[in-house]
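An overview of the molecular structure
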Amino acid sequence: MIGPVLAARGLARQFGDHLAVTHADIDLHAGRITGLVGPNGAGKTTLLLMLAGLLEPDRGTIEFDGTAVEHAKLRAAIGWMPDAFGTWESLTPREILVAFGRLYGMAATDADLRARELLTLVHLEDFTDSPASGLSRGQKQRLGLARALVNRPRILLLDEPASGMDPRSRIELRTLLRQMADAGTAVLVSSHILAELDEMSDDIVMMQGGATRIPEPSRHASWRIRRVGDAPDRAVTVELADDAAAAAYLAKLIADGHAIAEFTRVDTGLEQVYLDLDADRT
Ligand SMILES: Nc1ncnc2c1ncn2[C@@H]1O[C@H](COP(=O)(O)OP(=O)(O)OP(=O)(O)O)[C@@H](O)[C@H]1O
């Protein structure tokens, strides 16, 4: 894998006496979706704001394409969708996106073209010229996503993007984020909906008490084993450290004369990873 587009090391930020982020390390790679999970108050939003160049870290470094950058310089390369944002209610979605395009220095006609392109992408084309006040919460979320994409960001940061979206919009969001990643964008999504994150993420970063942790997948892998002649409900599940341990285990079963009908890796899923890490909390 080539180096990360964005690499943050040792980020820390406090508000008054309160340490919101104590030590955050994170790598974001082009073409990959990273899921950020953690309990309420763990520091996820504070970390995202620092990565977006909107909040200055007290400590730590952020490298963009392998070069240290000042946080404010990140903004041009980043698309940022906050968990809560205001919408200019009297403007239309097109006018809102054009205004953001103009803020990024686009000519009026380019900003208008980009606005229309994005409204199609997030399926709001029918609302192009109606006041934003008429949009539902989920539609406003989709407009927020379009807003985050105005500058064709290489890094897309989304804080709870699916909140308020109906099931179809959530599925479309997942598809859209995968398309963005396939086109080379590095995507970081924070969410409490673990099953959804599990499905869409290539990498997971966990936050707890202001610090990041990378969960170890090997701790959570198990294998389902069934011998020839065993009914499906007689299958056994064993926890094994990694693929190499699984191969050795299978070889031993066969050497011992067992006829193996099924040997399948079963991931216990992000919920279990989360609960295990949360249980480790000291
Ligand atoms: N501007 C601020 N001033 C003071 N304290 C803050 C500020 N922003 C965040 N905090 C505190 O820092 C801690 C981390 O907050 P943050 O919003 O980053 O957590 P989070 O993981 O995003 O939580 P949630 O899942 O509830 O959104 C919390 O205790 C919060 O109250």
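Per an unreviewed UniProt entry, the recorded name for the chain is ABC transporter, and the organism is Gordonia phthalatica. A UniProt comment under Sequence similarities (unreviewed entry) is attached to the chain, and it reads "Belongs to the ABC transporter superfamily."

Quick word on unusual backbone geometry
The phi dihedral of His123 is positive, around 55°, even though this residue is not glycine. Tracing the sequence through the fold places His123 in the loop between helix H3 (108-121) and helix H4 (137-149). A relative accessible area of 43% places His123 in the partly exposed class. Not every positive phi belongs to a glycine, and Glu160 is a case in point at roughly 50°. Within the secondary structure, Glu160 sits in the loop between strand S7 (155-159) and helix H5 (167-182). Note on Glu160: relative accessible area 17%, which makes it buried.

Let's talk about the site of the ligand
Neighbouring the ligand are the residues Phe15, His18, Ala20, Pro39, Asn40, Gly41, Ala42, Gly43, Lys44, Thr45, Thr46 and His192. Contacts to the ligand include Gly41, whose backbone N or O atom sits 2.8 Å from an oxygen atom. Between Thr45 and the ligand, the recorded distance is 2.8 Å, taken from a side-chain N or O atom to an oxygen atom. Out of a free accessible area of 640 Å², the ligand has 60% covered by protein chains. Elements represented by at least two residues in the shell around the ligand include exactly strand S2 (18-28) and helix H1 (44-51). Per-element tally for the shell around the ligand: the top contributor is H1, with 3 residues. Among the residues making up the shell around the ligand, the classes are represented as 4 nonpolar, 7 polar and 1 charged.

The rules behind the values
- Residues numbered from 1 in each chain as written.
- Predicted model: local features only at pLDDT ≥ 70, side-chain atom pairs only at ≥ 80, totals over all residues.
- Heavy atoms only, no water.
- UniProt positions renumbered as here; feature names shortened; annotations may be inferred.
- Helix = DSSP H or I, 4+ residues; strand = E, 2+ residues; numbered from the N terminus.
- Buried < 20%, exposed > 50% of the residue type's maximum accessible area, 1.4 Å probe, protein only.
- Near = heavy atom within 4 Å.
- Polar contact = N/O pair within 3.5 Å; in protein donor to acceptor, adjacent residues only side chain to side chain.
- Areas by Shrake-Rupley, 256 points an atom, 1.4 Å probe, with all protein chains shown as cover.
- Nonpolar A, V, L, I, M, F, W, Y, C, P; charged D, E, K, R; others polar.

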